Amino acid sequence: MLHTLSAVLEKEVEEASLKTLRINALENEAIYIFREVAAQFEKPVLLFSGGKDSITLVRLAQKAFYPGKIPFPLMHIDTGHNFPETIAFRDQLVKELGVELIVRNVQDSIDQGKVIEETGKYASRNSLQTTTLLDAIEEFKFDACMGGARRDEEKARAKERIFSVRDDFGQWDEKNQRPELFDMLNGEIEIGQNVRVFPISNWTELDVWSYIQKEKIEIPSIYFAHKRAVFMRDGLIWSAEDEVVFRAEDELVEEKMVRFRTVGDMSCTAAVLSYADTIDKVVAEIRESKISERGARIDDKRSEAAMEKRKQQGYF
């Protein structure tokens, strides 16, 4: 019995050591990418949603430029349909860090007639962000936009390079990307082009949560299990605590213990049943999960190539 227990403990120590080595290597890679961006581009910006991935990017950027401040602004493309918990967290974090926050609103694009708001059961503003984002890039002349997309999220994202060039219309050509050999990042661009940068491209959802756990990073409360008024549709759990999400009369509201694995536009982001109310419990839950985190994003289910089409049009 003692021999068996000793072997189990030894295995756990080995696994913990390997996990630490992996997280440290990913952190070092991300810090290198941030420094390359600062060195190679004139006007970079960090796209910030208030979600766990962009919060992780902020921590990595802090480390990359410590003891100085983060040398570029944060920018949020606000759909107007964000979870209130996320917006409150965003504003508090920016205040604590003393960094510049740029906010551009999808509602303005709607009011200007540049995009048309969707209606009906599956209406969402998520895809409308593209126009607002491209306008903001042009407005501020940003040449590098950094964000928290990861290759494990979705098959279209798996095709991305860390430095992903967009043309002067903001469009992505997945068949015409530069090779990235030996971690050599080529930031040379032509007039009108810009680059989308993915510092945590090689991370997994579990890596992000493990890093949050290791660094003791604060995140919005919506990521943890809580009682919430919800309703079911198409096998997914939707929040009923706002007027954004369409709900039919026959879709009954009930209270459940849920949490959100992603915090996108409320109208396309579903919850999951969960009792994980601490970081440790969330990490354990993610480790055992068989479903992708974007399995609760209805906008990815519109077609087989929904994400790829949006990216080709300029979506992040």
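Preceding block: the structure.
Here the residue index of a chain counts from 1 through its sequence in written order. Local features in a predicted model are, by the rule used here, given only for residues with pLDDT of at least 70; side-chain atom pairs are given and counted only at 80 or more, and totals for whole chains, interfaces and linings are based on all residues. As a rule here, side-chain values come from all non-hydrogen atoms in the structure, and water together with hydrogens is ignored.

## Observations concerning the side chain of serine 210
Segments assigned H or I by DSSP are reported as helices when at least four residues long, segments assigned E as strands when at least two residues long, and all are numbered from the N terminus. Looking at where serine 210 falls in the secondary structure, it is placed in helix α6 (residues 205–215). When its relative accessible area of 5% is taken as the criterion, serine 210 is described as buried. Contacts of serine 210, omitting those with residues within four sequence positions, involve Lys19, Ile23 and Val283. Each residue's exposure class comes from its accessible area (1.4 Å probe, protein chains only) as a fraction of the maximum for that residue type: buried when under 20%, exposed when over 50%, partly exposed otherwise. We call two residues contacting when some pair of their heavy atoms lies within 4.5 Å.

## Remarks on the pattern of salt bridges
Salt bridge, as applied in this entry: a Lys or Arg side-chain nitrogen positioned within 4 Å of an Asp or Glu carboxyl oxygen. Applying the stated criterion across every chain yields a total of 20 salt bridges. A salt bridge links arginine 59 to glutamate 215; the shortest N-O distance between them is 3.1 Å. Residue arginine 59 is located in helix α2 (residues 52–65), and its partner glutamate 215 is located in helix α6; the two are separated by 156 residues in the primary sequence. Under the relative-accessibility criterion, glutamate 215 is labelled buried at 16%. With a shortest N-O distance of 3.8 Å, lysine 256 and glutamate 254 are connected by a salt bridge. Taking the relative accessible area as the measure of exposure, lysine 256 reaches 25% and is therefore partly exposed. Since its relative accessible area comes to 38%, glutamate 254 is described here as partly exposed. What you see here is one network of salt bridges that share partners, running through Glu27, Arg59, Lys63, Lys214 and Glu215.

## Re α6
With respect to burial, α6 is a largely interior element, 8 of its 11 residues being buried. Of the residues making up α6, those classed as buried are Glu205, Asp207, Val208, Trp209, Ser210, Tyr211, Ile212 and Glu215. After α6 finishes, the residue lysine 216 shows a positive phi value of roughly 55°.

## Notes on α2
Taking 1.5 Å per residue, 14 residues should reach 20 Å; α2 reaches 20 Å between its end C-alpha atoms and fits that length. Buried residues dominate α2, accounting for 11 of its 14 residues. By definition here, a helix of n residues has an expected span of 1.5 Å times n minus one.

## Comments concerning the packing of aromatic side chains
Each pair of aromatic rings taken from Phe, Tyr and Trp, with Trp reduced to its six-membered ring, is defined by centres within 6.5 Å and is described as stacked if the planes are under 30 degrees apart, edge-to-face if over 60, and tilted in the remaining cases. Tallying each qualifying case throughout the model produces 7 aromatic pairs. Here phenylalanine 41 and phenylalanine 163 contribute two aromatic rings whose centre-to-centre distance is 5.6 Å and whose plane-to-plane angle is 65°, an arrangement assigned as edge-to-face. Of this pair, phenylalanine 41 sits in the loop between α1 (2–40) and β1 (44–47) while phenylalanine 163 sits in strand β5 (residues 163–166); the two residues are 122 residues apart in sequence, bridging distant segments of the chain. With respect to burial, phenylalanine 41 and phenylalanine 163 carry one shared label: buried. A ring pair is formed by phenylalanine 65 and phenylalanine 72, whose centres lie 5.8 Å apart and whose planes are at 85°; its orientation type is edge-to-face. Assigned by exposure class, phenylalanine 65 and phenylalanine 72 land together as buried. Above the face of the tyrosine 122 ring, arginine 233 is positioned so that its terminal group lies 5.9 Å from the ring centre. In this scheme, Lys NZ or Arg CZ marks a charge over a ring once it lies within 6 Å of the ring centre and within 35 degrees of the ring normal. Across the ring face of tryptophan 238, the terminal group of arginine 233 is positioned such that the distance to the ring centre comes to 6.0 Å.

## Some remarks on the packing of α2 against α6
For helices, the fitted axis covers only the stretch in contact; all axes are lines through C-alpha atoms, and the angles between them, taken along N-to-C directions, range from 0 to 180 degrees. Packing of α2 against α6 leaves a shortest axis separation of 10 Å and a crossing angle of 55°. As the angle between them shows, α2 and α6 are arranged oblique. For the pair α2 and α6, the crossing hand works out as left-handed. Here Lys52, Asp53, Thr56, Arg59, Leu60 and Lys63 of α2 lie close against α6, whose contacting residues are Glu205, Val208, Trp209, Tyr211, Ile212, Lys214 and Glu215. Split by residue class, the contact of α2 with α6 holds 5 nonpolar, 1 polar and 7 charged. By the definition adopted for this analysis, an angle is roughly parallel if under 35 degrees, roughly antiparallel if over 145, roughly perpendicular if from 65 to 115, and oblique otherwise. By definition, any crossing whose near helix is turned counterclockwise from its far helix by less than a right angle is left-handed, and any crossing with a clockwise turn is right-handed. Each residue receives one of three labels: charged for Asp, Glu, Lys and Arg, nonpolar for Ala, Val, Leu, Ile, Met, Phe, Trp, Tyr, Cys and Pro, and polar for the others, Gly being one of them.

Function-wise, these values are silent; they only describe arrangement.
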